[in-house]
Amino acid sequence: MSSIHPDQATAERLAGLGQVRPHPIPAGSGDGTLIDDPAVRPPLVLNNRSFRDVTDIVCGYVENKPGKWWMPTFMMTATIAGIGGLFILYLVITGIGTWGLNNQVGWAWDITNFVFWIGIGHAGTLISAILCLFKQKWRTAVNRSAEAMTIFAVICAATFPGIHIGRQWMAWFLLPLPNSNWIWPNFQSPLLWDVFAISTYGTVSAMFWYMGMIPDLATLRDRADRRLRAGGEGPVLLPFLPIRIDRIRGYVYGFLAMGWRFSNRHWHRYEAAYLLLAGMSTPLVLSVHSIVSTDFATSILPGWHTTIFPPYFVAGAIFGGFAMVLLLLIPARELYPNMKDLVTKRHIENMAKILLVTGSMVGFAYAMEFFIAWYGANAYEQFAFINRATGPYWWAYWTMISCNVLSPQLFWMKRMRTSAGVVFFVSVLITIGMWFERFVIITTSLNRSFLPGEWHMFFATPVDVMIFVGSFGIFVTLFLLFLRFLPAFPIAEIKAILPQASPHHGHAKGGH
Amino acid sequence: MTHMSASEHVAPECRIPPATGHPALAAGNVTIDAASARSAVRLLLGVGAVGVGLAIAGGFVANGKHALAALLVGNMAVLSICAVAMILTMAFHLVNAGWWAGFRRQIENIATLTPVFGATTVAIAAADYYVLGGSLWGWMGTQYAATDLAYLLEKKSAYLNVPFFFGRAAVYVVVWAILTQVLFRLSRKADAAPDPSLTARARFTSAWGILVGALTVAFASYDWIMGLDFRFFSTMFPVRFFAAGAFAGVAVLVLVLVLLRRRGRLEGVIGAEHYHDLGKLMFAFTVFWAYIAYFEYFLYWYGNIPEETAYFTERATGAWKPFFYALCFGHFAAPFLILIFRGVKRNPRLLTLVALWAVFIHVIDMVFLIRPMVYAGVPAAQNPGLGALWIDIAGAVGMLALFGGLLARRIGSGPLVGVNDPRMTEALEHKNYV
Amino acid sequence: MAPPSRSRRYVNEAGDRIHGVLAQYATPADLFHACEKVRDAGYARWDSFSPFPIHDMEEAMGMKRTKLPLAIAGGGALGAGLALLMQFWMSGSDYPLMKQGKPFASWEPFVPITFELGILLASFTALFGMLAFNALPRHYHPLMKRQRFLASSDDTFFICIEAGDPRFDPEQTRRLLESTHPTAIELVEE
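A few points on the structure. Fair warning: this is a prediction, and the values are worked out from it, not measured in the lab.

### As for the overall build of chain C
Right, so step 1: Of regular secondary structure, chain C possesses five helices and four strands.
Right, so step 2: Its helices and strands taken in sequence order, chain C reads β-α-β-α-α-α-β-α-β from the N to the C terminus.
Right, so step 3: For 190 residues, the compact-globule formula gives about 16 Å, and the C-alpha radius of gyration of chain C, at 25 Å, lies well above that figure.
Right, so step 4: Along the longest, intermediate and shortest principal axes, the C-alpha atoms of chain C span 80 × 35 × 30 Å.
Right, so step 5: Looking at chain C as a whole, 53% of its 190 residues are labelled buried.
Right, so step 6: Taking as baseline every contact in chain C between residues at least 6 positions apart, the subset at least 24 positions apart corresponds to 76%.
Right, so step 7: For chain C, the computed accessible surface area is about 8,600 Å², with 59% contributed by carbon and sulfur atoms.
Right, so step 8: Chain C carries 19 positive and 22 negative side-chain charges, and their two centres are separated by 6 Å.

So, in structure tokens, the structure goes:
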């Protein structure tokens, strides 16, 4: 790691090489944060970091060259994204017959992928907003990357309804504009609500993310400015284009920071606006995933038409979203220096506990669906559920149950939920399980409809598979770019939760 | 619960400073003698006995089914409040909350009444079965034997049969009794001497307790409200029941705290900051209720399948239509527009008014869920209409007063605050910064 | 609102107009107590700067609560109202279309979009209202010229009392700030 910090000792310390100022680690408490004593609030940032340390660590991820792993990984995911893009191009040119859809299963991987990604997308803002409302200080470790994840997942999600309409150039029909017969779109259709809900959600999430970043972008601007004013040499853009990178940073971050100057009069309005934005984002997320669930629940198709769908989809979104946050953060904290000081073992344990709670809630919903299908005494409904568990897609159903309901039960054991490896592995299972959940809901209900003469199996084609794989490429590529160019942690908020941030800090001993 | 001894090596700024000796925790401020509560207990229990007695008398002179429904309305209103208190207690333990330490004992007090009002529900159901032969819980009776609904009853008989029904009820009551007693005793035990390991044990109990508690409350709502109309089914129903109780449950907690403050207790323990956050919870739960109630109604409205819409046709278009719109307005719109103001949440007087309204509209919600069953399918001529309103009022007021009396006795039976809570300092210093 | 600027009154030796006096502090606690002193001295056009929001600073600086929440509520009401109007007009009045056997204009299916647009406009008001109330974006500010001030985004804390304050006096204001244990004090030109 090359560091641009002028002080060699500090530079080494921040790169995780030199002496840190360790905090006491009680025996058996992992990195010092796994303390169960209710009278103790374990540290949220490790190694007694100062304000300057926090600035240097987080800005260092942007200002220093990333590790050797970054470029190959980026090239790989960008290639996957590009291949996915080529398959989308092929689909647009040829038509959606290149998917494995048939007369009966008119929705399959496209909508599965849409709900899968939008679920992940919903989790990020909800995680950040709900933890903010509940004054959970540990949110600072995850909120920025969770919000970024949201934006990228919404981009992936929005791709699928965009391309599944068949004649993509008619996508403007989704907007509230009259068509050539002067007929307005159908405001009673859940598909139109989706358009409003998802575009509102994407916009509000982006604003929430951006607003949180304004002070941190100003920090990056000021640091570039300070280095420029100090003069001397600095890295340039290209050897034959000797513009100092710090100058570009000054312009770009300066533009994005909107002239933020850390005024406390500004902070007051900023905090009020941020809290209200969090307060509005929370019901927004609930509403948007509920509206996505009405795509299914307003129909009268057995297996789709049930009232628990809105909250059950929301619980599933939080579940899948936390799993995705862990999938991104657990490797990141291994790869980036000092990230373990910001994302502690306790953060991972907390998220594992939330996986256990939401996984059990999803399991509760599965059980209730089964129970009410039986209790409702509707033969079609009963068949739909028996078919899910024992029909041709039984393997998908039991994959879903074992990944979503059973695997998080491991987290009843403290040893399991405090092991980053186990948590990562279970998060992989949950991500698989949540994809299968949507596949099970969509495909098993469609492929065994009311009349046996209509029964058709669905078989995915390479176009199905590659567009889905490509969406992962888009997602990870965007996330890597985020880690490289934007503040991955809320610098100002982390400083505010350090013990020395309190204006009354240090008075307890000396008196006022 | 492990590593307890290890915490000696914790950095000092990580340790929550103990609140012992804090002036707000002086004995006079956090205790209320049983004698001073006695008059309130007597009055409320008296009103409760008169109300319940009147309702039962109404059952003999007017309509037994109507009287049981009136009692069940009050009973379920109270039970949902208690059950929500039980679930919230466990949730607060699980998230290691600090700000609730000052009112933890009061929410536990409400929670301990859950099994009591579970038992009274069983009594009402038993009266229905043994005295009236199964009229309010229509599936217990024989009146559908000759109708085409007999087929439906037959299909559901594996779940809807009398021994299983009472067996399940017994399980719910026992589970609630165990959960609330374990948590309450751990809490009381800590009053003697500070012991953080008791809080850790309560957290451990809450982990499995919230799972068992949620399941039993869910099935209780199926059995005791949804099951009244055995044709109706909705997977959302338990969530709807919880959402209803949550708004009123926090309101009851606010009322308890306001009353204790008026008696000169909890000075410096409960203040505007705590009311503010409890008000936020009420605000959140009224929105949550609207979300759940809307989607449950809306998905059946949209699907338009007769067997599902029958339930809402009765309630949203017929004689119960005013209740439908009263709930839209009174359970959501009005509290939403009032509680959105910061000043209301921080002012105990205004918050009390909202809390009283919340309890009232919660009873109306239970009326909306339960009462239409009494005269469903009965010729309009046999429906006494407002003529039998006194039975409903007597039943609901009676059960609420009974709840108030038992709660007052419970409050008077021990310290008002778990003074040795390891996170008491956080609760005393609690502040909303934005 | 603060009284109008009267900063023309003061210039430095070079003839540049004075923006104010800037004092630097090392810790949040020092800044906090200094703010209390400046507040008590009766200044109105002044500000403090910290890398992160500090608890209770509103009181220490004698700030009034912002009216931003009211504006946000207004934005939400406007969005929801427009959404209702749009749906009832398009679906119920301008071109009623029979679909799914449902009424042309019933409130039930109009709830989702009403809610979404209400939130959308309220959120726009939150972000852009916050910026507008803070008079941002702002390309230039006199304080930004000071190398020392750029550390406010890192770990340093500042107070600036502006020359436009009616009580501002170069000597007295400086003396007041000197009594608050700053680590540095300097005059800032426009």
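### Some points on the interface of chain B and chain C
Right, so step 1: With 11 residues of chain B in contact, the opposing surface of chain C contributes 14 residues.
Right, so step 2: Interface of chain B and chain C: buried area, both sides summed, is about 1,200 Å²; carbon and sulfur atoms make up 60% of it.
Right, so step 3: A per-residue breakdown of the area chain B buries against chain C is headed by Y294, W301 and Y433 of chain B, which together make up 46% of the total.
Right, so step 4: At the junction of chain B and chain C, the tally comes to two salt bridges.
Right, so step 5: Between E59 of chain C and K431 of chain B there is a salt bridge whose closest N-O contact spans 3.1 Å.
Right, so step 6: Counting the contacts that link chain B with chain C gives six residue pairs in polar contact (both at pLDDT 80 or more).
Right, so step 7: Taken together, the elements giving at least two residues each to the side of chain B that touches chain C come down to α10 (272-303) and α12 (321-339) of chain B.
Right, so step 8: In terms of residues, the side of chain B that touches chain C owes the most to one element, α10 of chain B, which gives five residues.

### Observations regarding helix α5 (residues 170-178) of chain C
Residues and elements named next belong to chain C.
Right, so step 1: All of the buried residues along α5 are T173, L176 and L177. For α5, the arc enclosing every buried residue in end-on projection is 95°, short of the 170-degree limit, so these residues lie on one face. In α5, the exposed positions that point more than 90 degrees away from the buried face belong to E171 and R175.
Right, so step 2: Tucked into the core, α5 has its buried residues touching β1 (18-25), α1 (28-40), β3 (157-162) and β4 (184-189).

### Re the environment of T27 of chain C
Residue and element names in this part refer to chain C.
Right, so step 1: On the secondary structure map, T27 appears in the loop between β1 and α1.
Right, so step 2: Once the C-alpha coordinates of T27 and F158 are considered, the two residues, 131 residues apart in sequence, prove to be 9.8 Å apart.
Right, so step 3: Looking at T27, its side chain comes within polar contact range of the main-chain nitrogen of D30, at 3.1 Å.

### Considering the pairing of strand β2 (residues 241-244) of chain A
Residues and elements named next belong to chain A.
Right, so step 1: With two bridges connecting them, strand β1 (residues 236-238) and β2 associate as antiparallel partners. Each residue of the ladder has a partner; that of V236, found in β2, is R244.
Right, so step 2: If you look at the hairpin formed by β1 and β2, you'll find two residues sitting between the two strands.

### Regarding the sheet that holds β4 of chain C
All names here are of chain C.
Right, so step 1: Read from one edge to the other, the open sheet built from four strands follows the order β2-β3-β1-β4, with strand pairing classed as antiparallel. The sheet is open, and its two borders are formed by β2 (46-49) and β4, each paired with just one other strand. The average undirected angle you get between the axes of adjacent strands in this sheet is 20°.

What counts, and at which threshold
Residues numbered from 1 in each chain as written. Chains lettered and ligands numbered in written order. Predicted model: local features only at pLDDT ≥ 70, side-chain atom pairs only at ≥ 80, totals over all residues. Heavy atoms only, no water. Helix = DSSP H or I, 4+ residues; strand = E, 2+ residues; numbered from the N terminus. Rg over C-alpha atoms; globule rule 2.2 N^0.38 Å. Buried < 20%, exposed > 50% of the residue type's maximum accessible area, 1.4 Å probe, protein only. Contact = heavy atoms within 4.5 Å. Areas by Shrake-Rupley, 256 points an atom, 1.4 Å probe, with all protein chains shown as cover. Lys, Arg positive; Asp, Glu negative; His and termini not counted. Charge placed at Lys NZ, Arg CZ, Asp CG, Glu CD. Buried area = accessible area lost by both parts, 1.4 Å probe. Salt bridge = Lys/Arg side-chain N within 4 Å of Asp/Glu carboxyl O. Polar contact = N/O pair within 3.5 Å; in protein donor to acceptor, adjacent residues only side chain to side chain. Arc of directions from axis to C-beta. Pairing = 2+ DSSP bridges. Axes fitted to C-alpha atoms, helices over the stretch in contact; angles between N-to-C directions.

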